[in-house]
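Each chain, letter by letter, is given below.
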Amino acid sequence: RSKQWYQRRVRGRSELDDVCDVAPAIAQIVPVHCDPSWLQQLRASEEAEEAKISEQSKVALDDGVNPVTLFKVLDSLLTEDSLLVGDGGDFVGTAARILRPRGPLRWLDPGAFGTLGAGGGFALGAKSVRPKSVVWVLWGDGSCAYSIAEIEPATRLNLPFIAIIGNDGSWGQIEREQVKMLGSDVGCPLNPATPYHKVGEGYGAVGLEIRPSATEEKMQQTLRLAQEEHSKGRTVVVNVALGKSKFREGSVSV
């Protein structure tokens with residue numbers, strides 16, 4: 001097909017758009033046949049993974065909230081207009097396994113190299129482009145330090161988002177492999193008592209806290225409150241006291 005043909009086909013635009021627009025247009029006119037047994041195999045694999053995650057979400061951790069449980073609760077609260085921004089290591093890696101973006105272009109993260117610090121800027125940009133969307137920023141307690149100050153322009157410019165900070169008191173993804181390889185956690189511990197919700201309040205946000213002993217019901221109540229405050233035009237910071245989870249055991253950090 002000619003370039004001119006695609007120009008007419010893709011939403012009547014005068015230029016070719018990105019693959020997110022072109023690919024669906026092609027799919028509508030080109031018949032795609034998949035082997036039913038292959039699709040069945042994929043579904044079975046996904047269902048097995050979901051069952052495994054469901055079981056792990058039921059595990060109570062002695063030192064804080066199970067991140068798998070947290071994200072199962074969050075996923076149940078996401079709406080069709082939710083947009084997710086991931087900026088972290090283990091915390092975001094766990095989120096990526098559990099959360100289901102509600103559509104294309106509904107998940108933003110630093111990419112394959114895991115360049116930390118993009119979260120705040122991504123949130124402001126996403127809210128600017130999609131002002132009706134509920135933007136959720138998923139920050140690790142290490143990565144949030146790079147861009148938590150973006151809460152100030154979010155408040156000042158009326159570009160609110162909801163930030164969830166997974167606070168386990170460490171650069172967890174690095175610490176796990178570093179201790180195994182080098183026998184030391186030097187450079188990895190952070191202070192789990194840091195009141196990130198208070199930091200958010202200092203920048204003009206609403207600060208909420210999910211404590212170590214929080215039940216699944218309490219997590220849901222707190223996240224619903226975050227949604228309610230966001231609907232009033234407020235940026236919200238939720239400081240979650242995480243426990244040490246083995247969910248990401250064996251993942252590689254570079």
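Placed above this text is the structure.
Predicted model, so just to flag it, every value in this text is computed and none were measured.

(A) Highlighting helix H5 (residues 90-98). Taking burial as the measure, the nine residues of H5 include seven buried ones, the bulk of the element. By the burial criterion, the buried members of H5 are Asp-90, Phe-91, Val-92, Gly-93, Thr-94, Ala-95 and Ile-98.

(B) The arrangement of the sheet that holds strand S1 (residues 82-87) in detail. With respect to topology, six strands assemble into an open sheet ordered S2-S1-S3-S4-S6-S5, the strand pairing being parallel. What marks the edges here is a single partner per strand, and that holds for strand S2 (107-108) and strand S5 (206-210). The pairing of S5 with strand S6 (residues 236-241) spans five bridges and is classified as parallel. The partner of Val-206 across the bridge, within S6, is Val-236. Across the sheet, helix H4 (residues 67-77) lies against strand S3 (134-140), strand S4 (162-167), S5 and S6, angled at about 175° from S3, the strand it touches most.

(C) Spatial organisation of H4. Most of H4 sits out of view: nine of its 11 residues are buried. Backbone nitrogen of Val-68 and a side-chain oxygen of the N-cap are separated by 2.9 Å at the start of H4; the cap is Asn-66.

(D) Seen up close, the pattern of salt bridges. Applying the stated criterion to the full structure yields 12 salt bridges. Here Arg-102 ties to Asp-75 by a salt bridge, and the two come within 3.1 Å at their closest N and O atoms. Pair noted here: Arg-102 is in the loop between H5 and S2 and Asp-75 is in helix H4, with a separation of 27 residues, a long-range link. Glu-152 is the partner of Arg-156 in a salt bridge, and the nearest nitrogen-oxygen pair spans 2.7 Å.

(E) Focus on unusual backbone geometry. Even without being glycine, Leu-105 reaches a positive phi, approximately 60°. Relative to the elements of secondary structure, Leu-105 occurs in the loop between H5 and S2. Phi at Asn-158 takes a positive value of approximately 60°, unusual for a residue other than glycine. When you line up the elements, Asn-158 lands in the loop between helix H8 (151-156) and S4.

Quick notes on the rules
- All chains use their own residue numbering, which begins from 1 and follows the written sequence.
- Note on the predicted model: pLDDT of at least 70 is required for a residue's local features to be given, and 80 or more for side-chain atom pairs to be given and counted; whole-chain, interface and lining totals, by contrast, use all residues.
- Calculation of side-chain values draws on the structure's entire complement of heavy atoms; hydrogens and water are dropped beforehand.
- Relative accessibility decides the category of a residue: with a 1.4 Å probe and only protein chains considered, values under 20% of the type maximum give buried, values over 50% give exposed, and everything between is partly exposed.
- Each helix is a run of H or I in the DSSP string that is no shorter than four residues. Each strand is a run of E no shorter than two, and both are numbered from the N terminus.
- When DSSP locates at least two bridges between a pair of strands, those strands are taken to pair.
- Should any heavy atoms of two residues lie within 4.5 Å, those residues are counted as being in contact.
- Comment: axis = line fitted to C-alpha atoms, over the contacting stretch for helices; angle = value between 0 and 180 degrees taken between N-to-C directions.
- Definition of a polar contact: a pair of N or O atoms within 3.5 Å, with one able to donate and the other able to accept a hydrogen when the atoms are protein atoms, and with sequence-neighbouring residues admitted only if both atoms are side-chain atoms.
- We define a salt bridge as a contact between a side-chain nitrogen of Lys or Arg and a carboxyl oxygen of Asp or Glu at a distance within 4 Å.

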